Amino acid sequence: MWFLKLSCILQLLIVFSLFQVPAFAIKKSYVVYLGSHAHGPQVLEADRERATDSHYEFLGSFLGSTDKAKEAIIYSYNRYINGFAATLEEEEAAEIAKHPNVVSVFLNQGIKLHTTHSWNFMLLERNGVIHPSSIWKKARFGEDTIIANLDTGVWPESESFSDKGFGPIPSRWKGICQNDTTGFSCNRKLIGARYFNKGHAALAGPVLDPYVYSARDLNGHGSHTLSTAGGNFVPGASVFGVGNGTAKGGSPKARVAAYKVCWPEFGSECSDADILAAFDEAIHDGVDVISVSLGVDHPQNYFEDGAAIGAFHAVKHGIVVVCSAGNSGHYAGTVTNVAPWIITVGASTLDREFEAFVELRNGLRLKGRSLSKPLPDDILYPLITGAQAKAVNSSAEDAMLCLRGTLDPKKVKGKILVCRRGISPRLDKGQQAALAGAVGMILCNDEASGNVLSDDYHVLPASNINYKDGVAVFAYINSTDDPLGFITAPTAQLNRKPAPFMAAFSSQGPNMLTPQILKPDITAPGVNIIAAYTQAKSPTGQSYDKRRIPFVTESGTSMSCPHVAGVVGLLKTLYPDWSSSAIKSAIMTTARTRDNTVNPMRNGSFIKATPFNYGHGHIRPNRAMDPGLIYDLNINDYLDFLCVIGYNKTMMQLFSEAPYKCPRSASLVDFNYPSITVPDLSGSVTVTRRVKNVGSPRGATYAVRIREPVGISVSVEPNILKFNKIGEEKSFKVTLKAKRPGAAKNYVFGGLIWSDGKHYVRSPIVVSSAAGAV
């Protein structure tokens, strides 16, 4: 009988399968990139409408009707960027990608902000301020420049965006101040604000709260980065009274505009679709500089990356785009935003530390780090370890870590609690100490943390000390029945050495997408940067922390990026006719690779850094305004680059606008980048570069100096360049040859300098005999 039952079951299954309703295909949001529009110099509303209609018709040809296309399309990019974002099935997206008029089709991805936290630092990070006083005065503090920031929005009431001292808004400005229910308003300093949320909603779902969907910064990241690039002068700025001084951006008199594309409070952060929409509007609005402190985890193909596409179109219209390099610096090959038309910025330290000493009655004075409030009285307080203060039914090990619920308030009240780092977040340890009644906390590193110190905003007076000093504190407490100690008020100490050095989190080269292009390009201050903040959030970001302060410190390549954007703003004021690549070259070739001890810069592990860490070096704004020579590039050079890496004739026509033909012969090593990178040297290679005189109007003679990479001979022809006038260009050839078989199995580094005795035009040389060596 069993086989009869089985037969019946099989028949039922067959019948069920015949009438089974097919499962719905999963739809995702995609970006369909079609290149450039051919609107002409002035984009009229009718042009935009025709472009959008063409997008409906194009997508409708795949979906069956224009009505379905209208339902599917999230954005129609109809100003300068040609394309659209739409919800599609995977099969539909794949079919569209085959069309000859399509450059690329890619998923609308969630993209991260490039801010980090001090617990990612490998060693004692130091920070301070830069004083580009000469360039500030000559460039009138960037007063003719408009700087845009793609980020989490802006807190418009911040003093950094006050329009005190500003005249009328420039007539060339075409942007808007996108008003909403939060009382958001712009002024003569903050001249524009927009928000873009359709891509975010496609990824994370819509948010109904109108307070959220606005250009207002609820996270703090956008206010911080925008004020770093172009914040106004704010006297008496500090963080809980520490680091008191005048806050100001790189271009303090620049006009600024916020383009909110990131929504980190909802997890998805930023999206390609929103980023492209923001770039399209920013180009239209008339900005000069775009600062972008965000990026993907791993570099994407140039035209499958919203930031790279947007930047390409911006540069075509004379806008300089500056992007953060990423915060994955523990590993080689992690640098992002690597398109050659972007200025890619790593993060390094300056010479400032926020110190808070731990003083013991036995005479020990131990240097720690803190940005917390001071103790109420200048007296010695009783000390107690977490283990000594353990609650009933808690282990001494858990209590030593000051974990939640492990401390007895009766034992802790009125004392400085000594906790060990580990397991729980540092800020939570401070909160548990405060809840238990402690007047202060000494946070001692465990052995794994070693010398990793953090400047935290604890809710009570605190100091973080290293492992060795922590051992000394525990030994003292255990040696006496009446241990007493004190935590000094945090102070900002300048002129610390060595500085700068690379932040451990700063993403490293080589460039895994195009190894012949050295990335990052430059490094700038990115550790413990004081700048404006939102009033919608506490400095710790914790719900229990009700404090609100106008300025905070943040760290990340998110913070170094706007430093460079601010310098770009000054250079745009000084040299309004310079190309994006000319400004980029001026910044790169004048950078410095030595610290304030006149030794080579080091990385986060205090090992000698390389161009894969810092690119050309640490930015020097005053030198950048008089570079002497520049390596210039125009849009055709970038098109040649795209031809060489494999974009075909049909694709090139889609985004070249003007008639263009790929060169018959071209090489990546001859791309006129300020650095020279050969990732696959075999025998010898000769590369060509050209430089333009922007120094002495009466001409100048430059001689070359060479520092050879280990195992590689370098010769330059000619070795003297004589210029007779401003704007004159000269070419030279550099021949690299392995001195012996097996040389440069891994990357080796050298450099060349052109100098007329006044200017020093530096270019790193990076060579490997095997592609992809790290």
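The residue numbering used here restarts from 1 in each chain and proceeds along that chain's sequence as written. Since the coordinates come from a predicted model, pLDDT governs what is reported: local features require at least 70, and pairs of side-chain atoms require 80 or more to be given and counted, while whole-chain, interface and lining totals use all residues. With hydrogens and water stripped out, all remaining heavy atoms of the structure feed into the side-chain values.

Draft legend 1. Up close: helix H2 (residues 45–63). Helix numbering and strand numbering both begin at the N terminus, where a helix is a DSSP run of H or I of at least 4 residues and a strand a DSSP run of E of at least 2. For a helix, the expected span equals 1.5 Å multiplied by the residue count minus one. Taking 1.5 Å of rise per residue, the 19 residues of H2 would be expected to cover 27 Å, and the 27 Å separating its terminal C-alpha atoms lies within 8% of that figure. Only protein chains enter the accessibility calculation, which uses a 1.4 Å probe; a residue is then buried when its area is under 20% of its type maximum, exposed when over 50%, and partly exposed in between. For H2, the full list of buried residues reads Asp-47, Arg-48, Ala-51, Thr-52, His-55, Phe-58, Leu-59, Gly-60 and Leu-63. Where H2 is buried, its residues touch strand S1 (27–36), helix H3 (66–72), strand S2 (73–77), strand S3 (81–89), helix H4 (90–97) and helix H8 (272–285). Just beyond H2, the residue with positive phi is Gly-64, at close to 110°. Two residues qualify as a contact provided that any one of their heavy atoms is within 4.5 Å of a heavy atom in the partner residue.

Draft legend 2. Inspection of the state of the cysteines at higher detail. Throughout, a disulfide means two cysteine sulfur atoms within 2.5 Å of one another. For the coordinates displayed, the defined rule picks out four disulfides. Sulfur-sulfur distance for the disulfide between Cys-262 and Cys-270 comes to 2.1 Å. Residues Cys-262 and Cys-270 are joined through a disulfide that is right-handed, its torsion about the S-S bond being 100°. Side by side, Cys-262 and Cys-270 carry an identical accessibility label, which is buried. For Cys-402, the disulfide goes to Cys-419, at an S-S distance of 1.9 Å. Its torsion about the S-S bond being -90°, the disulfide of Cys-402 and Cys-419 is classed as left-handed. Taken together, the residues span a long stretch of sequence, with Cys-402 in the loop between helix H10 (396–400) and helix H11 (409–412) and Cys-419 in strand S20 (residues 416–420) at a distance of 17 residues. Cys-419 shares its class with Cys-402; the two are buried. Here the disulfide map of the protein chain reads 1-2, 3-4, 5-6, 7-8, the bonded cysteines being numbered as they appear in the sequence.

Draft legend 3. Seen up close, the pattern of salt bridges. For this analysis, a salt bridge means a side-chain nitrogen from Lys or Arg found within 4 Å of a carboxyl oxygen belonging to Asp or Glu. Scanning all chains against the criterion turns up 31 salt bridges. In this structure, the salt-bridge partner of Lys-367 is Glu-353, at a minimum N-O distance of 3.3 Å. Residue Lys-367 is found in strand S18 (residues 365–369), and its partner Glu-353 is found in strand S17 (residues 353–360); the two are separated by 14 residues along the sequence. Classification of Lys-367 as partly exposed rests on a relative accessible area of 35%. A relative accessible area of 1% means that Glu-353 is categorised as buried. Where salt bridges share partners, they join Glu-45, Arg-48, Arg-79, Arg-194, Glu-281 and Asp-285 into one cluster.

Draft legend 4. Just the sheet that holds strand S5 (residues 110–113), in detail. Taken together, four strands build an open sheet; the order of strands is S11-S12-S5-S14 and the sheet is antiparallel. Bordering the open sheet on either side are strand S11 (262–263) and strand S14 (294–295), each of which pairs with just one other strand. Pairing of S5 with strand S12 (residues 269–271) involves two bridges; the strand directions are antiparallel. Residue Gly-110 lies in a different strand from S12, and its bridge partner there is Ser-271. One bridge is not enough; two strands pair if DSSP finds at least two bridges between them.

Draft legend 5. Up close: the sheet that holds S3. On the basis of which strands lie adjacent, the open sheet formed by four strands has the order S2-S3-S1-S4 and antiparallel pairing. The open sheet terminates on both sides in strands that have one partner only, identified here as S2 and strand S4 (104–107). The sheet shows a mean angle of 20° between the axes of neighbouring strands, direction not considered. The pairing of S2 with S3 spans four bridges and is antiparallel. Its bridge partner lying in S3, Ser-76 is registered against Phe-84. To obtain an axis, a line is fitted to C-alpha atoms, over the contacting stretch when the element is a helix, and the angle between two such axes runs from 0 to 180 degrees between their N-to-C directions. With respect to the sheet, H4 is in contact with S1, S3 and S4, its orientation differing from that of S3 by roughly 150°. Contacts between H8 and the sheet are confined to S1, S2, S3 and S4, with S2 contributing the most and set at about 30° to the helix.

Draft legend 6. Local environment of unusual backbone geometry. Each neighbour pair has its own omega, and for Ala-499 with Pro-500 the value is -5°, a cis peptide bond. Mapped onto the fold, Pro-500 is located in the loop between strand S24 (491–493) and strand S25 (522–525). Of note, the bond from Glu-717 into Pro-718 is cis; its omega dihedral lies within 30 degrees of zero at -5°. Within the fold, Pro-718 resides in the loop between strand S32 (712–717) and strand S33 (720–723). Of note, the phi angle at Arg-140 is positive, near 50°, even though the residue is not glycine. With respect to the element layout, Arg-140 can be found in the loop between helix H5 (133–138) and strand S6 (146–151).

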